[in-house]
Amino acid sequence: MSRPQPRTEQALDLPDFLQEVEQIRSPSTPNKTRDTTRDTTRDQAGDQTRDKAPVKSSAIDRTSVESGLWVFIFGDMTLFGAFFTGFAWQARSEPAVFASSASKLLIGIGGVNTLVLLTSSLFVVAAVRAMHAGAPRPAARALAAALACALLFAALKVTEYLTEVGAGYTPATNLFFTFYFVLTGIHLLHVLIGAVLLFSAWRGLRAETPRVSSRFVEGAGIYWHMVDLLWVVLFPLLYISRLA
Amino acid sequence: MNTKIKLLCAWSGPALAVLATVGLALANVLPVPPAAHLDPHEIAQFYTQSTTRTLFGFALASLALGLIFPLVALIAVHMVRMEGRTPLLTFLQMVTGSATGVFLIVPMIMMATCAFRPERSPELIQLLNDFAWLMFITPLAPFCIQNVAIALAILNDPSPQPVLPRWVAFGNLWVAFLFVPSILPYFFYSGPFAWQGIFVFWLAFIAYASWAIGMGLVLRHAVLRDEAAVTMTPMHAVA
Amino acid sequence: MTAFLPGRVWAVWLALVLATLFSWWAAAGRPFENTSAQLGAAIVIALGFGKVWLIGMHFMDLRQSPLLLRRIFNIWTMLVGGVLVALVLL
């Protein structure tokens, strides 16, 4: 790698610097000094969706609109992959404890919650597709339905926690319950963050002229599907130990 | 000259990760930290079996962790260009970033205090050790807020040619999530979620080291790119 | 709003629901007790990763994404799914 030529005094003094900021801010004076040499293909792809109105065309590839988001999605999936593996590994060392503890879980709530999340994902798919079809109102309604599912999931999960703690099972009971509370707790944190994202998308799309970028709605949608996807593994993994 | 100082600040990220790792390894904290379930005599023995080496390790680690401050400053310089006239997130990043440095360096001093007087009563050493490790691992709020502030600034960058690429924002959000289990050592003496556990110490350690290295390299690239843009150097010079 | 959902997505959702009901029944009714509980657990976990794949391809729209994203997703699914099934079976 060869270093660029050291340049003469064009240093980052604060006054110059604020000028530069102002140039960036005002679209009428495009800043020609910055970034003329950069690869711009990705930026152009981003620019097309930067406007606030929903994109009318039904774009084929929705995943690469916000390609950086996948760093987070795959990263988080990797973290949970490590959690899952750690749980399954520990379950082998104390199979009896894990089996008897798992049988104390309320499988009815776990099962219903799985169906709730799958259905919420269906609503999110409907919302993104409606938005791309140029129908923000139905999209907003679908997001509201997904949000209701998210809140129902959280309410049922808290009910399950309270019942289990009431019956004397806490994270300190044994390693199974440690994993159970920590993994579902971190997942519940994801659900709550997802609910905030769905709420923001709903509010933006509900307005007379949509105030939210299609990129944001799609990103929130992909995040929500990940929340669904992680639970779909968490459910059999935690509740299944009773089979062994 | 300015570019050289900026590059120095960028390289302080990777340097932090490498030197702190060496220091903690010399202090025997790596690969297995003094566990929360050990009794006072085992804890005391951990700190006093090779006092000089242990103290040297903590001295090196405490110096290395100070390298976070130049990195925080360089992140701030880039964030203020994203935010313009009201650099709220920039200030938030600087405040929380400074706090993270303190929360990492002070535990090094406390662990060094454990090794400082080997004749001290084991119960007192255990008390200091508890305090040091809970402070080292659990204060995740400034870390997470710093990551989220960086991410929000990048995602709200209005420029068509962003100062930092958007994936850096999502990487920061991921790192914030990786720190979340670090609050759990309050509740466990043993197992994967105690402070020595794999999902706490090792996860947070790898996340923080990767973040420091990653941000350092990303900012180095941005600094070189900006200079190339000013001097109109061809692209291959910065690749 | 349901007008915006093509038949394919409905079919995927139905498959996910049926798979969930099967896992639920398997965990609650213990049909594998007389054969092999480990095999039953492995089947249910493998089924879970089948659901993961469906969600990724059809809900996250990875089936239309650049090859790299799809490849990483498939590797994650096979790797984590394979490790979990192996840990349950062996």
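Look up a bit, the structure's there.
To start, this report covers the structure provided alongside it. Being a predicted model, the structure only gives us computed values, none of them experimental.

1. Considerations on the overall build of chain B
- Along the backbone of chain B there are 9 helices and 0 strands.
- The N-to-C order of helical and strand elements in chain B reads α-α-α-α-α-α-α-α-α.
- For chain B, the proportion of its 239 residues judged to be buried stands at 58%.
- Total accessible area on chain B stands at roughly 9600 Å², and carbon and sulfur atoms take up 75% of it.

2. Examining the interface of chain C and chain A
- Contact residues are listed per partner, giving 46 residues for chain C and 53 residues for chain A.
- Interface of chain C and chain A: buried area, both sides summed, is about 4300 Å²; carbon and sulfur atoms make up 81% of it.
- For the interface between chain C and chain A, the tally reads 0 salt bridges.
- At the junction of chain C with chain A, the criterion picks out 5 residue pairs in polar contact (both at pLDDT 80 or more).
- Elements with a contribution of two residues or more to the side of chain C that touches chain A: helix H1 (7-29), helix H2 (37-59) and helix H3 (67-89) of chain C.
- With 13 residues, the top contributor of residues to the side of chain C that touches chain A is H1 of chain C.
- When grouped by side-chain class, the residues that make up the side of chain C that touches chain A number 36 nonpolar, 6 polar and 4 charged.

3. Looking at unusual backbone geometry
Residues and elements named next belong to chain B.
- That bond from Leu 30 to Pro 31 is cis: its omega, 0 degrees, falls within 30 degrees of zero.
- Mapped onto the elements of the fold, Pro 31 is located in the loop between helix H1 (2-26) and helix H2 (40-48).
- Within the chain, Asn 28 stands out as a residue other than glycine whose phi angle is a positive 70 degrees.
- In this fold, Asn 28 is placed in the loop between H1 and H2.
- The class for Asn 28 is partly exposed, based on a relative accessible area of 23%.

4. As for the layout of surface pockets
- In this structure, the largest pocket occupies an estimated 1000 Å³ of space.
- Residue lining of the largest pocket: 35 residues in total, with Leu 197 and Phe 216 of chain A together with Leu 152, Leu 155 and Phe 170 of chain B positioned closest to the centre.
- Going through the elements one at a time, helix H3 (69-93), helix H7 (175-206) and helix H8 (214-240) of chain A together with helix H7 (140-155) and helix H8 (166-178) of chain B are the ones with two or more residues in the lining of the largest pocket.
- Class assignment of the residues belonging to the lining of the largest pocket gives a composition of 21 nonpolar, 6 polar and 8 charged.

5. Quick word on the nonpolar core
- Formed by 179 residues in total, the largest nonpolar core has its most connected members in Phe 84 of chain A together with Tyr 47, Trp 133, Phe 193 and Trp 211 of chain B.
- In terms of residue count, H8 of chain A provides more of this core than any other element does, 17 residues in total.
- If we skip the residues at most four places from it in the chain, Phe 193 of chain B touches Phe 83, Thr 178, Phe 179, Val 182 and Leu 183 of chain A together with Leu 184, Pro 185, Phe 188, Phe 199 and Val 200 of chain B.

6. Details of the packing of aromatic side chains
Residue and element names in this part refer to chain A.
- Across all of its chains, the model carries 40 aromatic pairs over all chains by this definition.
- A centroid spacing of 6.3 Å and a plane angle of 85 degrees characterise the contact between Phe 177 and Tyr 180, whose relative ring orientation is edge-to-face. A residue pair is termed a helical-turn pair when its members lie 3 or 4 positions apart in one helix, as Phe 177 and Tyr 180 do in helix H7 at 3 residues. This pair shows no difference in class: Phe 177 is buried, exactly as Tyr 180 is.

7. Quick look at empty space enclosed by the protein
All names here are of chain B.
- Taken as a whole and assessed by the stated rule, the structure comprises 3 cavities of 30 Å³ or more.
- There is about 300 Å³ of room inside the largest cavity.
- Forming the walls of the largest cavity are 20 residues, and the residues nearest its centre are Leu 104, Phe 136, Ala 204, Phe 205 and Tyr 208.
- Per-class residue counts for the lining of the largest cavity are 17 nonpolar, 3 polar and no charged.

8. What to know about the environment of Pro 181 of chain B
- With respect to the helices, strands and loops of the structure, Pro 181 of chain B is situated in the loop between H8 and helix H9 (198-231).
- In the structure, Pro 181 of chain B is positioned 23 residues away from Ala 204 of chain B in sequence and 8.4 Å away in space, judged by C-alpha atoms.
- Setting aside chain neighbours within four positions, we find Pro 181 of chain B in contact with Phe 83 and Ile 186 of chain A together with Phe 199, Val 200 and Leu 203 of chain B.

9. Examining the pattern of salt bridges
- Scanning the entire structure with this criterion turns up 3 salt bridges over all chains.
- Here Lys 157 of chain A makes a salt bridge to Glu 160 of chain A, at a shortest N to O gap of 2.9 Å. Note that Lys 157 of chain A and Glu 160 of chain A are positioned in helix H6 (residues 136-166) at a spacing of 3 residues, about one turn of the helix. Neither residue differs from the other here; Lys 157 of chain A and Glu 160 of chain A are each classed as buried.
- Between Asp 226 of chain B and Arg 225 of chain B there is a salt bridge, with its nearest N and O atoms 3.2 Å apart.

Analysis parameters
Here, residues in each chain are numbered from 1, in the same order as that chain's written sequence. A letter from A marks each chain and a number from 1 marks each ligand, given out in the order of writing. Local features in this predicted model are restricted to residues of pLDDT 70 or higher, and side-chain atom pairs are both shown and tallied only at a pLDDT of 80 or more, whereas totals for entire chains, interfaces and linings draw on every residue. Computation of side-chain values: all heavy atoms of the structure, hydrogens and water removed. Each helix is a run of H or I in the DSSP string that is no shorter than four residues. Each strand is a run of E no shorter than two, and both are numbered from the N terminus. For each residue, the accessible area found with a 1.4 Å probe, counting protein chains only, is set against the maximum for its type, and the residue is called buried under 20%, exposed over 50%, and partly exposed in between. Under the convention used here, a 1.4 Å probe and the Shrake-Rupley method define accessible areas, while residue burial counts only the protein chains that appear. Contacts were defined at the residue level, with two residues in contact if any of their heavy atoms lie within 4.5 Å. Summed over both partners, the accessible area lost on bringing two parts together, with a 1.4 Å probe, is the buried area. A pairing counts as a salt bridge when a side-chain nitrogen of Lys or Arg comes within 4 Å of a carboxyl oxygen of Asp or Glu. Think of a polar contact as two N or O atoms within 3.5 Å of one another; within protein, one of them needs to be a possible hydrogen donor and the other a possible acceptor, and neighboring residues in sequence only count if both atoms come from side chains. Each residue is assigned to one class: nonpolar for Ala, Val, Leu, Ile, Met, Phe, Trp, Tyr, Cys and Pro, charged for Asp, Glu, Lys and Arg, and polar for all the others, Gly among them. Only protein atoms enter the 1 Å grid, on which a cavity is a set of points fitting a 1.4 Å probe that cannot get out and a pocket is an open set with protein on both sides within 12 Å along at least 5 of 7 lines, lining residues being those with an atom within 4 Å of a point. Grid points are joined across faces, edges and corners, and a volume is the space filled by probe spheres set on the points. Definition used in this section: a nonpolar core is a set of buried Ala, Val, Leu, Ile, Met, Phe, Trp, Tyr and Cys residues joined via side-chain atoms within 4.5 Å. Aromatic contacts are taken between Phe, Tyr and Trp rings whose centres are within 6.5 Å, Trp giving its six-membered ring; a plane angle under 30 degrees counts as stacked, one over 60 as edge-to-face, and the others as tilted.

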